[in-house]
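Residue-level structure breakdown
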2 protein chains.
Amino acid sequence: MTITMRDVARASGVSLMTVSNVINGRPGAVGTETRLRVLEAVERLGYEVNLTARRLRNGLTGTVGLIVPRFDHPYFGELAARLATELAKTGRHLSVEQSGASAEGELAALSHARIATYDAVLLSVVGLHYDDVDKLQTSVPIVLLGEQGMPRRFDHVQLDNEAGAHLATGHLIERGARHLLIVGGGDEGRQSMTAARTRGWERAQSDAGLTPRPDGVLELAELEVACARIAVRERLAQTPEIDGIFAVTDQVAFGVMAGVHDAGLRVPEDVQIVGFDNLALGEHMTPGLTTIDPSHDWMVQRAAALIDQRIAGQDVPPQHLISPSMLVARGTTRE
Amino acid sequence: MTITMRDVARASGVSLMTVSNVINGRPGAVGTETRLRVLEAVERLGYEVNLTARRLRNGLTGTVGLIVPRFDHPYFGELAARLATELAKTGRHLSVEQSGASAEGELAALSHARIATYDAVLLSVVGLHYDDVDKLQTSVPIVLLGEQGMPRRFDHVQLDNEAGAHLATGHLIERGARHLLIVGGGDEGRQSMTAARTRGWERAQSDAGLTPRPDGVLELAELEVACARIAVRERLAQTPEIDGIFAVTDQVAFGVMAGVHDAGLRVPEDVQIVGFDNLALGEHMTPGLTTIDPSHDWMVQRAAALIDQRIAGQDVPPQHLISPSMLVARGTTRE
DNA sequence: CGGACTTTCTGCATCGTTGTAAATATTTCA
DNA sequence: TGAAATATTTACAACGATGCAGAAAGTCCG
């Protein structure tokens, strides 16, 4: 049915291995005339190499896997797009899978079997548990992305959560906010992104001589727009003096903006808001979302470089890289 | 290095085939005692099946590919998430790839070689050209998704663009809009989603006894938030009498909302807006985005069912399914 | 003219898994 | 008890591509 190398070999009257040599452009292994004859047959029969067979034989397919918690968060979409572009520069291809939200096996995508399908795997660890990741034992290189504490034996590219949160909160204070909320904060698991950002939020207030409100941490069941919206609406009804909100992610910030509006308050006149991630859409909200930009391009470039190194087989100790972050001031905070 | 079936066989003192029989749970092919012995060895050695080898051997991996134009559009993220959930019901796994926006070969993801990696492929055809898709010649089942005219020999699940646009535009008129714009419209390629939605927009006006403005079609270089925002801002400066805008997608509608705001006008008092797609975020914009809901779940279920049929080898003529759409009225249109 | 090279090409074994058919062990029943 | 039937287990050959060692064929030089 499908055309194999054998068909091409037969059609051009050479051996299997010669076809392989032509296809892979091995230098000086096949005469010019033969090469042309083979290429003609390839063209004529419409032969294309079987990546599955190739991988079984020599272990590489040129495909890198990216495993994200869920497909439908803009953050991961943007991450995937950037990574795909960066990896394309070295001729690699990106394939994205989802780890969570699947019916039965939450971690099916993390199984050794699935990972072994790729030349390397980028694992977005948001929401994954340390132990789940620690179990991973594979010969395929794995690079971790994201803001959780994770086993040190993996390469890991992340950002400075505490510093970013400090920056965000400091900005709110500088622009006059005095009654601060962190939405999506909490401290379960000192290692979590949430806890680190909460620490930054607290420290920024101490540094400015403010005492964080005891009820300042608004925990969310999920870091989701709808959750955040409802929680903020209800909270503002109880404590209307709130005038500055740090949302732990932009996605949450979108919900916060809606919630503030629901409560009949204005942004930024009554309540100022800062998010975290610099999602593309934030710029086009009304008003534009002030946020923390975690140097996405930097992170993506580092991650891709690590991938290249590991695939090339370089045996250096695990790298742990931390990206610089900076503030992008827009309309949800005052001038 | 890696543990193979052979290792398990040796460790439990049985043949290779017996291990295979145990792993695949072939009924009545292996004695209880032996089964337990093998399973023990599997557990102890941490054996996991090599999907690459399995695929080479019997052609199936349980993985379905979804090819989207780009990763960073929320529409595709939501689509992927829904599909993943639906496919999980039959034990299949979804892997997402990007067709466009890659450096060299725009269509690398569409190559036979890559497609042959999956049990079946869902191809989101937005932005793809008829001819590119028509070239596809493969034994892997392909199901098309999306709103373009495409070769009839493929299964295709789409929605009624013209009817949806008619519904959206009719709603604007019913709520009092008289000077209508379609943002992202156009008529290049009668087959395109854009052209179909533009027809619906025109027809709804004729049906209501209105004459579409000759300058009513605002074409965009890309169906992007930023493009739409700038175009709308400039257009409203020229023709401030515009009081109703149909945005061809929600993504465009987000840009329209920002553009209207930039122009110093209010939504919905001065300008009413309707989008198309019912993206999750639309509900949480301020005001909430009125939009057309294309019955995503219906589409996803049909697509998954088609996949199942085709993988099972059912040889029925290509199916062409059209999803019903309905209006979701929210804050960007008046009461 | 013959050995030492080079160039070009080939056969074989292999990656890890599974279908087939046949071999061996076990049970059943006359 | 022995033949027939059933239950387990096995060897072998694929799937398609490629690394390796080496075979032909051609080239060079003393």
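What you see as residue numbers is a count from 1 along each chain, following the sequence as written. Starting at A for chains and at 1 for ligands, labels are handed out in the order in which the entities are written. Thresholds applied to this predicted model are a pLDDT of at least 70 for local features of residues and 80 or more for the giving and counting of side-chain atom pairs; totals over whole chains, interfaces and linings are not thresholded and use all residues. With hydrogens and water stripped out, all remaining heavy atoms of the structure feed into the side-chain values.

**Brief notes about the protein's contact with DNA strand C**
Basically, it comes down to this: When at least one non-hydrogen atom of a residue lies within 4 Å of a molecule or strand, that residue is treated as near it. Here a polar contact means two N or O atoms within 3.5 Å. Within protein one must be a hydrogen donor candidate and the other an acceptor candidate, and residues neighboring in sequence count only if both atoms are side-chain atoms. Under the scheme used here, helices are H or I runs from DSSP no shorter than 4 residues and strands are E runs no shorter than 2 residues, and both carry numbers assigned from the N terminus. In the scheme used here, Gly and all other residues not listed as nonpolar or charged are polar, with Ala, Val, Leu, Ile, Met, Phe, Trp, Tyr, Cys and Pro taken as nonpolar and Asp, Glu, Lys and Arg as charged.
Gly 31 and Thr 34 of chain A together with Met 5, Tyr 47 and Arg 57 of chain B are the nearest of the 25 residues found near DNA strand C. Within 4 Å of the protein, the atoms of DNA strand C are drawn from sugar and phosphate moieties in a proportion of 68%. Between a base oxygen of DNA strand C and a side-chain N or O atom of Arg 57 of chain A, the distance comes to 2.8 Å. Taking Asn 50 of chain B, its main chain carries an N or O atom lying 3.1 Å from a phosphate oxygen of DNA strand C. Taken together, the elements giving at least two residues each to the surface near DNA strand C come down to helix 2 (16-23) and helix 4 (51-58) of chain A together with helix 2 (16-23) and helix 4 (51-58) of chain B. Among the elements that line the surface near DNA strand C, the one with the most residues is helix 4 of chain B, at 4 residues. By residue class, the composition of the surface near DNA strand C is 11 nonpolar, 10 polar and 4 charged.

**So, the protein's contact with DNA strand D**
Taken together, 25 residues form the shell around DNA strand D, and within it Met 5, Tyr 47 and Arg 57 of chain A together with Ser 15 and Thr 34 of chain B come nearest. Considering the 4 Å shell around the protein, atoms of DNA strand D inside it are sugar or phosphate in 64% of instances. Separating a phosphate oxygen of DNA strand D from a side-chain N or O atom of Thr 18 of chain B is a distance of 2.8 Å. Here a phosphate oxygen of DNA strand D and a side-chain polar atom of Thr 34 of chain B are 2.3 Å apart.

**Points about the domain arrangement of chain A**
All names here are of chain A. Operational definition: An automatic or database domain assignment is the source of the domain bounds shown. Whether two residues are in contact is decided by their heavy atoms: any pair within 4.5 Å suffices. Here's the idea: put two parts together, see how much 1.4 Å probe accessible area each one loses, and the total over both is what we call buried area. Think of a salt bridge as a Lys or Arg side-chain nitrogen and an Asp or Glu carboxyl oxygen that are within 4 Å of each other.
Per the domain assignment, the segments making up chain A are domain 1 (5-49), domain 2 (63-159 + 296-323) and domain 3 (161-294). Computed from C-alpha coordinates alone, the two centres of domain 2 and domain 3 are separated by 28 Å. Counting residues at the interface gives 13 residues for domain 2, matched by 17 residues for domain 3. Taking both sides of the interface into account, the surface hidden between domain 2 and domain 3 amounts to around 1,200 Å²; carbon and sulfur atoms contribute 50%. The interface formed by domain 2 and domain 3 contains 1 salt bridge. Put simply, Glu 224 and Arg 70 hold a salt bridge, and the shortest N to O gap is 3.5 Å. At the boundary of domain 2 with domain 3, the tally comes to 8 residue pairs in polar contact (both at pLDDT 80 or more). Counting only elements with at least two residues in the side of domain 2 that touches domain 3, the list comes to helix 5 (74-88), strand 5 (155-159) and helix 12 (296-311). With 3 residues, helix 5 is the largest single contributor of residues to the side of domain 2 that touches domain 3. Per-class residue counts for the side of domain 2 that touches domain 3 are 4 nonpolar, 6 polar and 3 charged.

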